[in-house]
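Observations on the model geometry
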Amino acid sequence: MTHPTFRLEALCDAVFAIAMTLLILDVRLPPLDHVDSSAELWHALRSVAPSAYAFLLSFIVIFISWVNHHAVLRLVNNTSAPFMYANGFLLLTVVAIPFTTRLLGEFLMTEHGGPAVVLYDAILAASAVGWILVTGAALRDHLAVDEPAAAAIRSNARNGYFAIVFYALLAIVAIWLPIPVAVVTTLSWLFWLVLGLRMKHV
């Protein structure tokens, strides 16, 4: 018998996978027609560094989000209309990440980096809203497998509230300090990555 969340999980997995794949398309070398030495090639490769940084950061963001989404769906044994639509909003924020990633890669190291970092962290804050909607719908509609699962969902909701405040504040500060905010944003996701690697069960 097909699990009630099977189709939802299949859709979400596809969206996460496509978003992750699209990220690499914006890591492009400049024209290499006039590269006549190894030094010139290294210089050309260095110009790709901001885009490569944005790619790696966003890959980590989307991958961690997918791991967390997989974990949440293991905690529920049914779906509801609010839960489905909440997942839809979460996916909306996921598919926006490649766009903000391209902006980050293009403008981070320029004098126009502020708007790029603002939008990037704003999308992360919006994604946190998506997590709040998903976990809230799961709890209100009693979709959790059991009480320990419900407790885990409540814990995820608390993390979501923290993330909303954290990334919204970073988005505001990025108006004036885009580079430091980009560094803090990166460190925050490296923290989530290390924390995820220490989890015994997902």
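Here the structure is a predicted model, which means the values were calculated and not measured.

What follows concerns the packing of aromatic side chains. Applying the stated criterion across every chain, the model contains seven aromatic pairs. Relative to Y167, the ring of F166 has its centre 5.0 Å away and its plane inclined at 75°; by these criteria the two rings are edge-to-face. A residue is classified by how much of its surface remains accessible, and F166, at 24% relative accessible area, is partly exposed. Between Y167 and W189, the aromatic rings sit 6.1 Å apart at their centres with planes inclined by 20°, giving stacked as the arrangement. Note that Y167 is positioned in helix α6 (residues 147-173) and W189 in helix α7 (residues 178-197), a separation of 22 residues in sequence. For Y167, a relative accessible area of 2% gives the class buried. The class for W189 is buried, based on a relative accessible area of 10%. Pairwise contacts between aromatic rings join F55, F59, F63 and W66 into one cluster.

The next subject is the environment of A49. In this fold, A49 is placed in helix α3 (residues 49-74). Once the C-alpha coordinates of A49 and V27 are considered, the two residues, 22 residues apart in sequence, prove to be 8.8 Å apart.

The subject of this paragraph is the nonpolar core. Core analysis: the largest hydrophobic core is formed by 47 residues, its most contacted members being V61, I62, V76, F83, L104, Y167 and W189. Looking at this core, the elements with two or more residues in it are α1 (6-23), α3, α4 (81-107), α5 (113-140), α6 and α7.

For the structure on display, the rule yields three salt bridges. Between R102 and D26 there is a salt bridge, with its nearest N and O atoms 3.7 Å apart. One end of the pair, R102, is in helix α4; the other, D26, is in the loop between α1 and α2 (38-46), with 76 residues separating them in the sequence. In this structure, E147 engages R154 in a salt bridge whose closest nitrogen and oxygen atoms are separated by 2.5 Å.

What follows is about unusual backbone geometry. Phi at H142 takes a positive value of approximately 55°, unusual for a residue other than glycine. Structurally, the position occupied by H142 is in the loop between α5 and α6. You can call H142 exposed: its relative accessible area is 68%.

For any two helices packed against each other, one specifies the crossing angle of their axes together with the interaxial distance. Relative orientation of the contacting elements α6 and α7 amounts to 160°, with a least axis distance of 9 Å. Relative to α7, the element α6 is oriented roughly antiparallel. Where α6 crosses over α7, the handedness of that crossing is left-handed. On α7, the residues that touch F162, F166, Y167, L170 and V173 of α6 are V181, V184, T185, S188, W189 and W192. Here the residues of the contact of α6 with α7 sort into nine nonpolar, two polar and no charged.

Here we take up α6. A rise of 1.5 Å per residue sets the reference length of α6, with its 27 residues, at 39 Å; its end C-alpha atoms lie 39 Å apart and thus fit the reference within 8%. Of the positions making up α6, those classed as buried are A149, A150, I153, A157, G160, A163, Y167, L170 and A171. Residues of α6 that are buried sit in contact with α5 and α7. The N-capping residue of α6, defined by a side-chain oxygen 2.9 Å from the backbone nitrogen of A149, is D146.

Position of V95 among the secondary structure elements: in helix α4. Note on V95: relative accessible area 45%, which makes it partly exposed. Distance from V95 to P50, taken between C-alpha atoms, is 21 Å for residues 45 residues apart in sequence.

Criteria and cut-off values
- Residues numbered from 1 in each chain as written.
- Predicted model: local features only at pLDDT ≥ 70, side-chain atom pairs only at ≥ 80, totals over all residues.
- Heavy atoms only, no water.
- Phe/Tyr/Trp six-rings, centres within 6.5 Å; stacked < 30°, edge-to-face > 60°.
- Buried < 20%, exposed > 50% of the residue type's maximum accessible area, 1.4 Å probe, protein only.
- Helix = DSSP H or I, 4+ residues; strand = E, 2+ residues; numbered from the N terminus.
- Core = buried A, V, L, I, M, F, W, Y, C linked by side-chain atoms within 4.5 Å.
- Salt bridge = Lys/Arg side-chain N within 4 Å of Asp/Glu carboxyl O.
- Axes fitted to C-alpha atoms, helices over the stretch in contact; angles between N-to-C directions.
- Parallel < 35°, antiparallel > 145°, perpendicular 65-115°, else oblique.
- Left-handed = near helix turned anticlockwise from the far one by under 90°.
- Contact = heavy atoms within 4.5 Å.
- Nonpolar A, V, L, I, M, F, W, Y, C, P; charged D, E, K, R; others polar.
- Expected span 1.5 Å × (residues − 1).
- Polar contact = N/O pair within 3.5 Å; in protein donor to acceptor, adjacent residues only side chain to side chain.

Treat this as a map of the structure, not an account of what it does.
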